[in-house]
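These are the residues of each chain, in order.
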Amino acid sequence: MDTVNTHFKWEEATGAAKYIADRHYEGLLEGRFYRSSCPRGRIKSVTLPTLPDGYHIFGADDVPGQNVLPIVEIDWPAFADQEVRFVGQVIYLVVGPDPDVVDELLNEIDVEYAPLEPAYTIEQSKALKDGAIHADDNVLDTHMLHKGDIEAGFAQAATIIEETCSTGYQEHIYLETQGAVCYPQDGKVVLEGSMQCPWYVHHTMAVVLGHDNVRAIQCPTGGGFGGKEDFPDVLAAPLAVAVEKLQQPIRLIFERGEDIATTSKRHPVTFHYKTGVDADGKIVAMDIKFDVNAGAYLSLSGIVLQRSITTATNVYDIPNVRVEGHAWATNTVPTGAFRGFGSPQNCFCMETHIHHVAKQLGADPVAFKQRHFLTAESHSLTGAEIFGDLVLDEMLHKVLDMSDYHRKFNEYTRQDGSQPERRKGIGLAIFQHGCGFAGDLEDTLVRAKVKLLKGSDGNVQILASNTDIGQGLSLTFRKIVADTLDKPLEEIQLAVPDTGIVPDSGPTVASRSILIVGYILEKAAKKLKKSWVEGEDQEITEVYCKPDYHQWDQNTYQGNAYQATSYGANVVEVEVDMATGEADITGAWAVYDIGRAIDSTIFRGQIEGGLVQALGYGSCEKLEITQDGVFAQRSMADYVIPTALDVPAIGSDLVDNPYPYGPNGAKGGGELTHNGGAAAFVAAVENAIGVPLSSIPATPEKVCEALARRSDEPSAQQREGQVKGSGPGNGAPIDED
Amino acid sequence: MKIEFYLNSHLVVVDVDPMQSLLHTLRGTMSHTATKEGCGEGECGACSVLFNDRLVNACMMPISQVQGGDVMTLEGLRQTEKGQCVINALLEAKGVQCGFCTPGMVLALYALLEADPNPTELAIRTAISGNLCRCTGYGMIVEAAKIAAEKGEGLW
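Visitor: Looking at this structure, how should I read the overall build of chain B?
Guide: A tally of helices and strands in chain B yields 6 helices and 5 strands. Overall, chain B shows an N-to-C arrangement of helices and strands of β-β-α-β-β-β-α-α-α-α-α. Against the compact-globule benchmark of 15 Å for 156 residues, chain B has a radius of gyration of 15 Å, which places it among compact chains. For chain B, the spread of C-alpha atoms along the three principal axes comes to 45 × 30 × 20 Å. Burial statistics for chain B: of 156 residues in total, 60% are counted as buried. Relative to all contacts within chain B whose residues are 6 or more apart in sequence, the contacts with residues 24 or more apart total 57%. Within the structure as shown, chain B displays about 6,200 Å² of accessible surface, and the carbon and sulfur contribution to it stands at 47%. Here chain B holds 11 positive side-chain charges and 17 negative ones, and the gap between their average locations is 6 Å.

Visitor: What am I meant to see in the overall build of chain A here?
Guide: Check the secondary structure of chain A and you find 19 helices and 27 strands. For a compact globule of 737 residues, the expected C-alpha radius of gyration is about 27 Å, and chain A comes in at 26 Å, within 12% of that figure. Counting only C-alpha atoms and orienting by the principal axes, one finds that chain A spans roughly 75 × 70 × 50 Å. Burial statistics for chain A: of 737 residues in total, 64% are counted as buried. Residue pairs at least 24 apart in sequence account for 80% of intrachain contacts in chain A once pairs closer than 6 positions are excluded. Positive and negative side-chain charges in chain A, numbering 60 and 104 respectively, have mean positions lying 3 Å apart.

Visitor: Any chance you could explain helix α2 (residues 99-108) of chain A here in plain terms?
Guide: Owing to its 3.6 residues per turn, the α-helix aligns residues three or four sequence positions apart on the same side. All names here are of chain A. Within the sequence span of α2, burial applies to Val102, Leu105 and Leu106. Here the buried residues of α2 occupy an arc of 105 degrees about the axis, which is enough to place them on one side. What points out from α2, more than 90 degrees from its buried face, is the exposed set Asp100 and Asn107. On the buried face of α2, the contacting elements are β2 (29-35) and β6 (90-96). Between the side-chain oxygen at the start of α2 and the backbone nitrogen of Asp100 there is a gap of 2.9 Å, and the oxygen is on Asp98.

Visitor: Explain the pairing of strand β3 (residues 41-47) of chain A to me, please; I cannot follow it from the model alone.
Guide: One face of the sheet, then the other: side chains in a regular strand alternate in exactly this way. Residue and element names in this part refer to chain A. Where β3 meets strand β5 (residues 83-84), 2 bridges bridge the pair, whose relative direction is antiparallel. Opposite Gly41, over in β5, you have Val84 as the bridge partner. The sheet contact formed by β3 and strand β7 (residues 110-115) spans 6 bridges and is antiparallel. Each residue of the ladder has a partner; that of Ser45, found in β7, is Glu112.

Visitor: Whenever I open this one, the pairing of strand β9 (residues 159-167) of chain A confuses me. Can you help?
Guide: Residues and elements named next belong to chain A. Side chains of β9 alternate between two faces, with Thr159, Ile161, Glu163, Cys165 and Thr167 buried and Ile160, Glu162, Thr164 and Ser166 left unburied. Note that β9 and strand β14 (residues 269-277) share 9 bridges and pair antiparallel. Bridge pairing in β14 links Glu162 to Lys274.

Visitor: It is not clear to me how the side chain of Asn8 of chain B should be interpreted in this structure. Could you clarify?
Guide: Residues and elements named next belong to chain B. Tracing the backbone through its elements, the reader meets Asn8 in the loop between β1 (2-7) and β2 (10-15). Given a relative accessible area of 14%, Asn8 falls into the buried group. If we skip the residues at most four places from it in the chain, Asn8 touches His32, Val71, Met72, Thr73, Glu75, Gly76 and Leu77.

The rules behind the values
- Residues numbered from 1 in each chain as written.
- Chains lettered and ligands numbered in written order.
- Predicted model: local features only at pLDDT ≥ 70, side-chain atom pairs only at ≥ 80, totals over all residues.
- Heavy atoms only, no water.
- Helix = DSSP H or I, 4+ residues; strand = E, 2+ residues; numbered from the N terminus.
- Rg over C-alpha atoms; globule rule 2.2 N^0.38 Å.
- Buried < 20%, exposed > 50% of the residue type's maximum accessible area, 1.4 Å probe, protein only.
- Contact = heavy atoms within 4.5 Å.
- Areas by Shrake-Rupley, 256 points an atom, 1.4 Å probe, with all protein chains shown as cover.
- Lys, Arg positive; Asp, Glu negative; His and termini not counted.
- Charge placed at Lys NZ, Arg CZ, Asp CG, Glu CD.
- Arc of directions from axis to C-beta.
- Polar contact = N/O pair within 3.5 Å; in protein donor to acceptor, adjacent residues only side chain to side chain.
- Pairing = 2+ DSSP bridges.

As structure tokens, this is what we get:
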């Protein structure tokens, strides 16, 4: 049986690791997609070229099973058939030995469309021009949640503050583009590639082929961040169809431009808040409405929506809340999973809004936030009791001390207009992340299962379907088992995630690998330790059962929305060039409660990587749809991510708060680290420039626009932040003073 | 067109389109796959190699320009004491996550330390600023440079 990483990351560091594009296959054919150039329309007619020997075109008619990607709903076709819904949608797969000839053939395919009016934005989707893209209202999914009594809450309010906050697309920019090779072997259709979730790929191939003689194998994967959760299905389905017919290996590897143009992105979201504050300055009611741009098909948008809804009030105890969210169908690439899965959008908007509410009331933002923290007596937004110890105050104190926040905040807030071209600012964000699947998916989607195989030599092999995509799982899993068995790490190996070998322990998503799968690995290792017989082969299987306290009703959205929640606090310091609007990030600090880290150095890698990705999200990562329905940013030169010079050394710390149902006390942490950086960055820029900002990315252009509006028209500050007030706070400028 | 050059100190000859990139030649023609393609347009640095002792993006260099020159890739560097020093430092600092940027990073750190055996934090960050990493946030790669400088004292 193949194993990976007995010497952690040695193969990657020496260049010996074989990513999908590094692998050699005999008789390999090249595949390329023919894609829709029309954002929305019916396919009227098709002209296909005459094919030279050895060249093939596959489309919807060639699918022996169902022509779908079975992600959540059966709505996204593997090959577009009657209609197209976005530019870049796959219509055909062209295959042959010479990639140049394949490219020529692509140019000779002619598809005639009967175009319909496309919708790219939420507003255009709501307008329903030329009828709905989906159902009769373009709403792919919607949900509503109530806590307390919203009417009674607003009746207690002395001030009502409204604000709209929004976030843009984010592109994953995993360093390795999407790629797969599919081939026949022993009567099965086998696919190897860059992926997070081999069982998703396995299932997709089985659905399009109509049988289960399939197998998916993960290769070393050059980053995922959610971008390789469902998207490898888009490659796998057409490849499986072609390989079953041709019985030859086919490779499909995206170039970077194709990857940026056609793969899933983080959902752009607009949140509208209406917040009621009583005469004591306490928030008594919040009405939250938000819309997510889901793209052409549902994909994972319903679950992204659910996560945003169930954590909409972030770390705050608000007694009366109403949240309503819609996922809208548009004619863009389907938006999907990206580290945080709806939480980074929600955490940015909520943190920014609470910050603005505090300023509007003339309150200190930190003290105002702290006053509203969840406590041991609180109930979550979904009505659950708080499980375990909350360490929000401890985290807050730690991060404020580490960053010298108060002294700097006071100093920077006193900067006035006479001060120089470069102004400093500091900002804070507090946040949470629900670990594991949202709601009941751990029961309904998968019953996570792992196996431990002990050989007669005493070596133990871990069989699980979770993948190391850079987050270090291949070490943390081995550590969990080695520590429990009290064995040296070298005697514990991890099997390659290959659906021909490993049980379905679920996908590598939602910060569930440690919390759920790590936990059952620990349980399996405890069983093995108890039953250990020297010199014999032994096998232990363990299946996940959720803890008793975890109760959830998917219909009413009441109960524990997640198995556990992790928390974090970030502080970011900036220096803004007042002429160009450029913000240099000069300091970043982070404190987290992830229960207890299995390996604190590995987790430090998650902290720094996640925070830098979040800082990019908040500052420079701009991805926009043009009027033609394509992304304006087409390359890594256009879509800018932080370099080593754009970010400082990060100071970080953990609060030890062991979770009883995690391996060695651990909770999830990988996604959490992306939730706070953008809000802390924007708060820091606001502190520097004295003008509110309510949307990300807060690019230099946006900073300059905000500054220009303020100098032109001082009273416009409020409108820029789109904060409307009534009652005592009405009309007060929301400036840093 | 026949092109001769030194690859990891061995003279090699390839017969390829003169405009084919060095990266394509290494990976496609010669099956040297340690050097990765991340963007194909000189932005990400995953394909960094040394050409005549200078760090270059192999995706941007036509093979015809390599005629008579000296190319070093990770396949060669990993066999040297200095290469092993950098690799070990990256592993010790846990500066390797998905590992796709790592081959380019090893070359970039090697080039830095050859030029400056005791680099400052700013010098390290400047030296790797052409090598994008989406996983680490760079901190542990910067630390790796410091480890390699310290542990490799006298080597550089």
